[in-house]
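Topology and contacts: notes
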Amino acid sequence: MNIDRDEARRVAELAHLEFDDAGLDRMASEMTKILTYIDQLREADVEALGDHDVTVTPLRDDEPRPSLDRDPVAHNAPAWRDGLFVVPKVIGGE
Amino acid sequence: MSDLLELPWSEARGQVSPREYVAACLRAVEAHDGALHAFLHVNQEAGEGTLPIALKDNIVTTGMPTTCASQILRDFVSPFDATVVTRLRARGAAIVGKANLDEFAMGSSTENSAFGVTRNPWDLDRVAGGSSGGSAAAVAARMVPVALGSETGGSVRQPAAFCGVVGLKPTYGRVSRRGLVAFASGLDQIGIVTKTTRDCAEVLRIIAGHDPLDSTSSPERVDDYAADLARGVQGLRFGVVTEAVERLEGEVRANFDAAVQVLRGGGAIVERVSIPSIVYAIAIYYVVANAEASANLSRFDGIRYGHRSERARTLDEVYFDSRGEGLGPEVKRRIMLGTFALSSGYYDAYYGRAQAVRAKLRHDFARAFERFDYLITPTTPEAPFRIGEKADDPLAMYLSDIFTAPANLVGIPAIAVPSGFDSAGLPLSLQIMGRHFAERAIFRAAAFFEGETQFWKALPRILAARGANRA
């Protein structure tokens, strides 16, 4: 699989990661090398195994229980005011 | 008191007060960690405990930092303890410190730590392995008797092998992951590093068991894992994975063949077994693990905790700039690969295909376990490599997990036990894999091997010099 700069840019945007052009080129070339190795999976002999042996994770009952204390949560927040996380304006900016 | 720390935990704990045991560990950290850098945080307030322990710094703890060796969590202090930490504290553990790792446990050398590499106690120019390199080096250098690490593809066993200590990856679901910062949730499992098999078995009994806060933790009964340590291997059946040993050469091969002879000497039946799909393990691993990682690491967005870029003015800039500044190159590479493998147009060809081949791998292992009680390989294809040797070649680094990643993909338990040294005096290791939840059985086999060989008693060079002075 060959990844070029445009494809690397597309993936970076999906992943919320920013690279400059040189960074994108380096990433594209590393991804190409690794994906070329991964492409050997195409040759694997996957005979009919029926359904994949899926084990379903049991879910616990959805019952209310105590949540985290606010103080240590606030302590870790990059921006916090009046018990709320502060973020840049989302609507109507710029 | 340095002799105290050379004893296994199970022997030392009865010979000293809990206060003195912890103090001895803190003194050892003071003496050796300047050279090794196994610790990211040393807890001078560790106080007293019958179990002084180091925790990989992706296991969350109240009252001290949890950084995952990442700039993005540089100042993070968890509001809660991981379930394993709660269980350990209840049993008298004292947390001596938080151990270094590859950032977010992504790596095989601890070179990806944002806070500097951990050095190998046997040779300071070589890596301690990874990603739990700090945990393994801390135990190997006798700074703590026990450390916890975490595994996604071999991150406890590989550094344990490189540092000449015992490393266990339990069955997937055996130990709660609550409070282990998620890398690949379907593969991650907390593991244990100790000097001896007995110590490892006893610690597993403390941390194993179902946890209502981790739905993937198993309700399977917690066993007496040390019950069979003295029973030997007479009549037990070991399968040597043909595809793994075929590609071995030189001293690693000779060391493995010698290990097989030790098992045969105890009356074990050792035969070759083919697991054809094992050659695809690394390819499967780097699709599945990275796909899960790309989703898990989306939580690091600069909003609720962790680093937020100073220059971000819009919400998008908060995401892109905070992640851009806070995440290191290997983490970004894996997020990119995982995002690609899950993206529209490639999902079936990569993620779907990897899961199909993974099902084949599980099938091949299940078939092998119909004939054998255990499957064995060397833990790593080589002795510890030099710092910097693979830093510019991600694929070469990935291949150092070639023998360990299959157990994570299949979900089975596996242990790394010291198997001697190469001609340069570097540690080598035997890997013993067992059936799901057969930890008691793998401890039995490992204890026999350890008892016959006694390699665990050898002191790494950083300490051997001191031992020579003392004598």
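Here goes a summary of the coordinates provided. All values reported here derive from a predicted model rather than from experimental measurement.

Let us now look at the overall build of chain B. Across its full length, chain B carries 17 helices and 13 strands. At 21 Å, chain B has a C-alpha radius of gyration in line with the 23 Å of a compact globule built from 471 residues. In terms of overall dimensions, chain B has a C-alpha envelope of 70 × 55 × 45 Å along the principal axes. Across chain B, every contact between residues at least 6 apart in sequence was considered, and the portion connecting residues at least 24 apart equals 75%.

Moving on, we get to the nonpolar core. Ranked by internal contacts, the top residues of the largest apolar core, which has 169 residues, are Ile 53, Ala 138, Ile 284, Val 287 and Ile 432 of chain B. In terms of residue count, the dominant contributor to this core is helix α10 (residues 281–296) of chain B (eleven residues). Apart from residues lying up to four places away in sequence, Ile 284 of chain B is in contact with Leu 41 of chain A together with Ala 354, Val 357, Arg 358, Leu 361 and Leu 409 of chain B.

The next thing to look at is the environment of Gly 451 of chain B. Here Gly 451 of chain B shows up in helix α16 (residues 439–453). When the C-alpha positions of Gly 451 of chain B and Glu 330 of chain B are compared, they lie 40 Å apart, and in sequence the two are 121 residues distant.

The interface of chain B with chain A comprises 48 residues on the first partner and 40 residues on the second. At ten residues, helix α13 (residues 348–371) of chain B tops the list of elements feeding residues into the side of chain B that touches chain A.

A word on the sheet that holds strand β1 (residues 39–42) of chain B. Residues and elements named next belong to chain B. Here eleven strands make up an open sheet; going across it, the order is β1-β3-β2-β6-β8-β7-β12-β13-β11-β9-β10 and the pairing mixed. Sheet topology places β1 and β10 (269–273) at the edges, where each strand pairs with a single neighbour. Taken pair by pair, the neighbouring strands of this sheet meet at an average axis angle of 30°, ignoring direction. Relative to strand β6 (residues 146–151), strand β2 (residues 51–56) is paired through three bridges, and the arrangement is parallel. Counted as the bridge partner of Leu 55 is Leu 148 from β6. Packed on one face of the sheet, helix α4 (residues 83–90) meets β2, β3 (93–99), β6 and β8 (189–194) and runs near 170° to β2.

Residues and elements named next belong to chain A. Where helix α1 (residues 5–14) contacts helix α2 (residues 21–38), the axes come no closer than 9 Å and their chain directions differ by 95°. Between α1 and α2, the crossing angle belongs to the class labelled roughly perpendicular. Together, Arg 5, Glu 7, Ala 8, Arg 9 and Ala 12 of α1 and Leu 24, Asp 25, Met 27, Ala 28 and Met 31 of α2 make up the contact between the two elements. For the contact of α1 with α2, a count of residues per class yields six nonpolar, no polar and four charged.

Turning next to unusual backbone geometry. Residue and element names in this part refer to chain B. Here the residue pair Gly 130 and Ser 131 is connected by a cis peptide bond, since its omega of 10° sits within 30 degrees of zero. Mapping Ser 131 onto the fold places it in the loop between β5 (123–127) and α5 (133–140). One non-glycine residue, Ala 69, lies in the positive phi region at around 55°. You can see Ala 69 is positioned in the loop between β2 and α4. The class of Ala 69 is buried, set by 33 C-beta atoms lying within 10 Å. One non-glycine residue, Arg 142, lies in positive phi territory at about 60°. Topologically, Arg 142 is positioned in the loop between α5 and β6.

For α1 of chain A, every residue scored as buried is listed here: Ala 8, Val 11 and Ala 12 of chain A. Along the axis of α1 of chain A, the buried residues cluster in a sector spanning 105°; they form a single face. Those residues of α1 of chain A that are buried lie in contact with α2 of chain A together with α12 (329–342) of chain B. One or two steps after α1 of chain A, the chain reaches His 16 of chain A, where phi turns positive at roughly 55°.

Quick notes on the rules
- Residues numbered from 1 in each chain as written.
- Chains lettered and ligands numbered in written order.
- Predicted model: local features only at pLDDT ≥ 70, side-chain atom pairs only at ≥ 80, totals over all residues.
- Helix = DSSP H or I, 4+ residues; strand = E, 2+ residues; numbered from the N terminus.
- Rg over C-alpha atoms; globule rule 2.2 N^0.38 Å.
- Contact = placed C-beta atoms within 7 Å.
- Core = buried A, V, L, I, M, F, W, Y, C linked by C-beta atoms within 7 Å.
- Buried ≥ 20, exposed ≤ 12 C-beta atoms within 10 Å, placed from the backbone.
- Pairing = 2+ DSSP bridges.
- Axes fitted to C-alpha atoms, helices over the stretch in contact; angles between N-to-C directions.
- Parallel < 35°, antiparallel > 145°, perpendicular 65-115°, else oblique.
- Nonpolar A, V, L, I, M, F, W, Y, C, P; charged D, E, K, R; others polar.
- Arc of directions from axis to C-beta.

Read these as spatial facts, not as claims about activity.
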